Amino acid sequence: MSSNTTARTARRRTLRLAVAALTAAAGLTLTACSGSDAAGTKAAGNADMSTVAAESSGTGSPAGAQGSDAQAGPGAKTDTKADAKAGTAGSAGKQSGTGHAAGGGKAASPVRTQPLVDGSKAEIYKLGEQHYRAKIVSRGSVLATLETNQHDDGLDANDMFVVLTLGGEVHSWMGGGQTGPGTFKLAGGWTAKVTKLGELRYRAQILGHENAVYATLETNQHDVGVDANGVYIVLSNGGIISAHE
């Protein structure tokens, strides 16, 4: 082979290697570009899904969530999650507000506290017009509750008798009980005619001048009481009646 032929063959081989190298480089560049585009698309897709999930978990309306994202821009993902957490905490706070009354105010406090003759006390609460509640409390424990609602109330608490009036007044005294059925003279010139109606159920007619019926007390498994012109009368569910002025 002549020297000229050998030189031409060497130049062709060099050109083929250069073309192959360029082709390989172009292939690597295309692969890198394709990889970057795919990664960018994947990241964008993940960002969109994160935003949707955050909006779904929020407590606001979808329109409100979209408006917030438009203003927030790239930070929408983080801000939306924070808003969702704040909304959840607000809802829990409303639900956990168990220390308040149904009307939204704090639990009622007694209008006054009054000592009773046996050493206990009555906590008196005003619930409305001529509507009062009295809790009989001893050593921190509530022993009984009286409540007026269009009528007086009364209680026989182990021979201590208590009357709560429509005006929220409490009167207590010890003893003086008489057991029915029967007719009994009471303090203040009143007469009580006590009849038994059934188990733990008695009726007492409070009689005035010429045996006119001034009031009627009737138990139905609980004691009752009345203020009869400044004379306080209790009829127990066991048929015991007592009066005090």
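Residues numbered from 1 in each chain as written. Predicted model: local features only at pLDDT ≥ 70, side-chain atom pairs only at ≥ 80, totals over all residues. Heavy atoms only, no water.

*Asks:* So what exactly am I meant to see when it comes to the overall build of the chain here?
*Replies:* Scanning the chain from terminus to terminus reveals three helices and 15 strands. Here the chain holds 245 residues, and the buried ones make up 27% of them. Long-range contacts, defined as pairs at least 24 residues apart, comprise 33% of the intrachain contacts of the chain with a sequence gap of at least 6. About 15300 Å² of surface is accessible on the chain, with carbon and sulfur atoms providing 53% of the total. (Helix = DSSP H or I, 4+ residues; strand = E, 2+ residues; numbered from the N terminus. Buried < 20%, exposed > 50% of the residue type's maximum accessible area, 1.4 Å probe, protein only. Contact = heavy atoms within 4.5 Å. Areas by Shrake-Rupley, 256 points an atom, 1.4 Å probe, with all protein chains shown as cover.)

*Asks:* Is there a simple way to explain the pattern of salt bridges in this structure?
*Replies:* Charged atoms that come close allow side chains of opposite charge to pair. All chains considered together, the criterion is met by three salt bridges. Among the ionic pairs, R133 bridges to E147, the shortest N-O distance being 3.0 Å. Taken as a pair, R133 in strand 3 (residues 131–138) and E147 in strand 4 (residues 141–147) lie far apart in primary sequence, 14 residues in all. Taken together, the salt bridges that share partners define one network made up of R201, R203 and E218. (Salt bridge = Lys/Arg side-chain N within 4 Å of Asp/Glu carboxyl O.)

*Asks:* I would appreciate a short explanation of the sheet that holds strand 1 (residues 112–115) in the present structure.
*Replies:* Within a sheet, adjacent strands bond to each other through the backbone by hydrogen bonds, running parallel or antiparallel. Pairing in this open sheet of four strands is antiparallel, and the strands run 1-2-3-4 from one edge to the other. What marks the edges here is a single partner per strand, and that holds for strand 1 and strand 4. In this sheet, neighbouring strand axes are inclined to one another by 25 degrees on average, regardless of whether the strands run parallel or antiparallel. With four bridges joining them, strand 1 and strand 2 (residues 121–128) adopt antiparallel strand pairing. Bridge assignment links T113 to a residue of strand 2, and that residue is E123. (Pairing = 2+ DSSP bridges. Axes fitted to C-alpha atoms, helices over the stretch in contact; angles between N-to-C directions.)

*Asks:* Whenever I open this one, unusual backbone geometry confuses me. Can you help?
*Replies:* A negative phi angle characterises most non-glycine residues, just as the trans form characterises most peptide bonds. In this chain, G180 is followed by P181 through a cis amide linkage whose omega measures 5 degrees. One can find P181 in the loop between strand 8 (178–179) and strand 9 (182–185). The phi dihedral of Q130 falls on the positive side, at around 55 degrees, and the residue is not glycine. Its place among the elements puts Q130 in the loop between strand 2 and strand 3. Judged by relative accessible area, which is 44%, Q130 ranks as partly exposed.

*Asks:* Could you clarify how one ought to interpret the sheet that holds strand 6 (residues 160–164) in this entry?
*Replies:* One open sheet accounts for three strands, arranged 5-6-7; its pairing is antiparallel. The sheet is open, and its two borders are formed by strand 5 (153–157) and strand 7 (170–174), each paired with just one other strand. On average, each strand axis in the sheet is tilted by 15 degrees relative to the strand beside it, whichever way the strands run. Sheet analysis places strand 6 next to strand 7, joined by five bridges and oriented antiparallel. Following the sheet pairing, F161 is matched in strand 7 by W173.

*Asks:* Just to check I follow, could you spell out the pairing of strand 5 for this structure?
*Replies:* Put simply, side chains in a regular strand alternate between the two faces of the sheet. The buried fraction of strand 5 is high, at four of five residues. Bridge count for strand 5 against strand 6 is five bridges, and the pairing is antiparallel. For L155, the partnering residue across the bridge sits in strand 6 and is V162. Counted along the chain from strand 5 to the antiparallel partner strand 6, the turn is two residues long, and its residue N158 has a positive phi close to 55 degrees.

*Asks:* Would you take a moment to explain the packing of aromatic side chains for this structure?
*Replies:* Both the distance between ring centres and the angle between the ring planes are used here to describe each pair of aromatic rings. Scanning all chains against the criterion turns up two aromatic pairs. Here the aromatic rings of F161 and W173 are separated by 5.9 Å at their centres, their planes lie at 20 degrees, and the arrangement is stacked. Residue F161 is located in strand 6, and its partner W173 is located in strand 7; the two are separated by twelve residues in the primary sequence. The pair formed by F161 and W173 is uniform in burial state, with each residue classed as buried. Between W190 and Y214 the ring centres are 4.8 Å apart and the planes differ by 40 degrees, which places this aromatic pair in the tilted class. Of this pair, W190 sits in the loop between strand 9 and strand 10 (191–198) while Y214 sits in strand 12 (residues 213–218), placing them 24 residues apart in sequence. Residue Y214 is classed as partly exposed on the basis of its relative accessible area of 38%. (Phe/Tyr/Trp six-rings, centres within 6.5 Å; stacked < 30°, edge-to-face > 60°.)

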